[in-house]
Amino acid sequence: MTKKRNLWSMILSVPFILAVLICFIVNFALEQTFSWSVLVAASCFYAYLMLYTLIFGQKHRILLTYLVLGILLIPFLYIIEYTANLYMTQPIYWAARLGVPISLAWLAALAVTGLFRTLTHANVFLTMGCLILVFYYAERYTNNRIDAFTGSSQSWSLSDHYPILYLGAAGLFLLTGIVTSAVKRLSPRT
């Protein structure tokens, strides 16, 4: 099993390695430096690790993929910021004040939903209702952070203008989930 896994791991890595090498060569040929190719290398490394854990993570593949996503996301945001600032006359340092807090909010939203599903063994309808509710709050937080970063209140958000869409959909899924669970518990077992 290990030899087969190693073979598939190497096959999976070939496109990523080729993409990084080609981008390093092109970047150096055009600019005599490695600038944007660093972002390509980081992206490929990030994507490879997520795919690797998703494919080869066995029983806990979703949790491992989520951990890779969460752990590497913050350094990846700083790499994006660094690369973007190489090409700007006035650098904008957004990762610490905008990227990291928003990313952590969305990761927390996913974690709350996953914990809810795992701890309660909720059906798909209850889980979707929970997911919509936590995404409602994550979207509100995202827009508040953007407004604070830009110094304006011009960002348009669905959660501010039409909260009934979120709350109505969440209520519908939660009600359907409760009814489905009740029917399943009350139905005679054969």
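Cut-off values and rules
- Residues numbered from 1 in each chain as written.
- Predicted model: local features only at pLDDT ≥ 70, side-chain atom pairs only at ≥ 80, totals over all residues.
- Heavy atoms only, no water.
- Helix = DSSP H or I, 4+ residues; strand = E, 2+ residues; numbered from the N terminus.
- Rg over C-alpha atoms; globule rule 2.2 N^0.38 Å.
- Contact = heavy atoms within 4.5 Å.
- Areas by Shrake-Rupley, 256 points an atom, 1.4 Å probe, with all protein chains shown as cover.
- Lys, Arg positive; Asp, Glu negative; His and termini not counted.
- Charge placed at Lys NZ, Arg CZ, Asp CG, Glu CD.
- Phe/Tyr/Trp six-rings, centres within 6.5 Å; stacked < 30°, edge-to-face > 60°.
- Buried < 20%, exposed > 50% of the residue type's maximum accessible area, 1.4 Å probe, protein only.

Engineer: Would you mind going over the overall build of the protein with me for this structure?
Structural biologist: Helices and strands together make up the secondary structure of the protein, namely seven helices and zero strands. Ordering the α and β elements of the protein from the N terminus gives α-α-α-α-α-α-α. For 190 residues, the compact-globule estimate of 2.2 N^0.38 gives 16 Å, and the C-alpha radius of gyration of the protein, at 22 Å, exceeds that figure by more than 25%. Seen through its C-alpha atoms, the protein measures out along the principal axes to roughly 70 × 55 × 20 Å. In the protein, 57% of the contacts between residues at least 6 apart in sequence involve partners at least 24 apart. Of the accessible surface of the protein, which amounts to about 12,700 Å², a share of 74% is contributed by carbon and sulfur atoms. Here the protein carries 12 positive and 5 negative side-chain charges, and the mean point of each set is 28 Å from the other.

Engineer: Honestly, the packing of aromatic side chains in this entry has me stumped. Any pointers?
Structural biologist: Centre-to-centre distance and the angle between the planes together describe a pair of aromatic rings. Under the criterion given, the structure shown has ten aromatic pairs. Taking the centre distance of 4.9 Å and the plane angle of 50° together, the rings of Tyr52 and Phe56 count as tilted. Of this pair, Tyr52 and Phe56 both sit in helix H2 (residues 36–56), four residues apart, which is roughly one turn of the helix. When its relative accessible area of 23% is taken as the criterion, Tyr52 is described as partly exposed. Look at Phe56 and you get buried, because its relative accessible area is 13%. Grouped by ring-pair contacts, the aromatic residues Phe16, Tyr48, Tyr52 and Phe56 constitute a single cluster.

Engineer: How should I be thinking about unusual backbone geometry in this particular structure?
Structural biologist: Peptide bonds are mostly trans, and most non-glycine residues show a negative phi. Although it is not a glycine, Gln32 sits at a positive phi angle of roughly 55°. Mapped onto the elements, Gln32 comes out in the loop between helix H1 (2–31) and H2. Its identity is not glycine, yet Gln58 carries a phi of approximately 55°, on the positive side. Following the sequence through the fold, Gln58 ends up in the loop between H2 and helix H3 (61–86).

Engineer: Got a minute to help me understand the side chain of Asn85 in this structure?
Structural biologist: In this structure, Asn85 sits in helix H3. Ignoring anything within four residues of it in the chain, the contact list for Asn85 reads Pro91, Ile92 and Tyr93.

Remember that the coordinates give geometry; whether it matters functionally is a separate question.
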